[in-house]
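Topology and contacts: notes
One-letter residues, chain by chain:
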Amino acid sequence: MIDIVLYRPEMPGNAGNIMRLCVNFGAKLHMIGPMPFVMDDRKLRRAGLDYREIVNVKVHTNFSSFLNDEKPKRLIASTAHARKTLGEFHFEEGDYVIFGREKEGLSDEVYNVVPQDLRLRIPMAPESRCINLCNSVAIVAYEAWRQSGFSGAADARDVID
């Protein structure tokens, strides 16, 4: 499974929703600071529901500490500034996918580390500006999980019975 990385997230509600998503598909979540909210923020708790207590989340003080602590083999950037689309990308076990800030996206400190061949974009209609951060994470995460054959998912017989 891939690890989800939020680069300096700005909105606690988005972070809470992404926490729930990570629990639902078994991914570890990394949140890179500084962030304008704390982990017990009311909006984060409300959006994360009781998943906040069971999510596998690690908070890093900054991008450098994330790189030093995690030493990702492949750091992939989800960005509108990529040539390769999501459908052309092949995920590998242990990949880290980094998503930018809600208003600003990713910064040069990330682009300086992630080569062009490890940047992917979600196709959009020409008139579109952006996709909500939570939706972007969901789209990429489920494509990566689909490529792995939904490894670790509940068996349909367990769900239906």
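Quick look at the structure, then. (Residues numbered from 1 in each chain as written. Predicted model: local features only at pLDDT ≥ 70, side-chain atom pairs only at ≥ 80, totals over all residues. Heavy atoms only, no water.)

Re the sheet that holds strand β3 (residues 57–60)
The seven strands lie next to each other as β3-β2-β1-β6-β4-β7-β5, forming an open sheet whose pairing is parallel. Here the strands that pair on one side only, and so sit at the sheet edges, are β3 and β5 (84–85). Pairing analysis gives four bridges linking strand β4 (residues 75–78) to strand β6 (residues 96–99), with the strands arranged parallel. The residue bridging S78 from the neighbouring strand is F99, located in β6. On the sheet, helix α3 (residues 63–70) packs against β1 (3–7), β2 (29–32), β3, β4 and β6 and is oriented at approximately 130° with respect to β3. (Pairing = 2+ DSSP bridges. Helix = DSSP H or I, 4+ residues; strand = E, 2+ residues; numbered from the N terminus. Contact = heavy atoms within 4.5 Å. Axes fitted to C-alpha atoms, helices over the stretch in contact; angles between N-to-C directions.)

Topic: the nonpolar core
Residues I4, L6, I18, M31, F91 and I98 are the most contacted members of the largest nonpolar core, which totals 45 residues. Among the secondary structure elements, those contributing two or more residues to this core are β1, α1 (12–25), β2, α3, β4, β6, α4 (108–111) and α5 (133–147). A per-element tally of this core places α5 first, with seven residues. (Core = buried A, V, L, I, M, F, W, Y, C linked by side-chain atoms within 4.5 Å. Buried < 20%, exposed > 50% of the residue type's maximum accessible area, 1.4 Å probe, protein only.)

Quick notes on α3
Restricting attention to buried positions, one finds in α3 the residues F63, S65, F66 and E70. Seen from one end, α3 has its buried residues packed into an arc of 160°, which puts them on one side. Contact partners of the buried residues in α3: β1, β2, β3, β4, β6 and α4. Near the N-terminus of α3, the side chain that reaches the backbone nitrogen of S64, with its oxygen 3.2 Å away, is that of N62. (Arc of directions from axis to C-beta. Polar contact = N/O pair within 3.5 Å; in protein donor to acceptor, adjacent residues only side chain to side chain.)

Here's the deal with the pairing of β1
Regular strands place their side chains on alternate faces of the sheet. Within β1, five of the five residues are buried, which leaves the element mostly enclosed by the surrounding structure. Strand direction decides the pairing type here: β1 and β2, joined by four bridges, are parallel. What sits directly across from V5, in β2, is H30. Crossover β1 to β2 through α1 is right-handed. (Right-handed = clockwise from strand over helix to strand, strands pointing away.)

Brief notes about α5
Under the 1.5 Å per step criterion, the end-to-end length of α5 is 21 Å for 15 residues, consistent within 8% with the ideal 21 Å. Along α5, the positions that sit buried rather than exposed are L133, C134, S136, V137, V140, A141, E143, A144 and W145. In this structure N132 caps α5, since a side-chain oxygen of it lies 2.7 Å from the backbone nitrogen of C134. (Expected span 1.5 Å × (residues − 1).)

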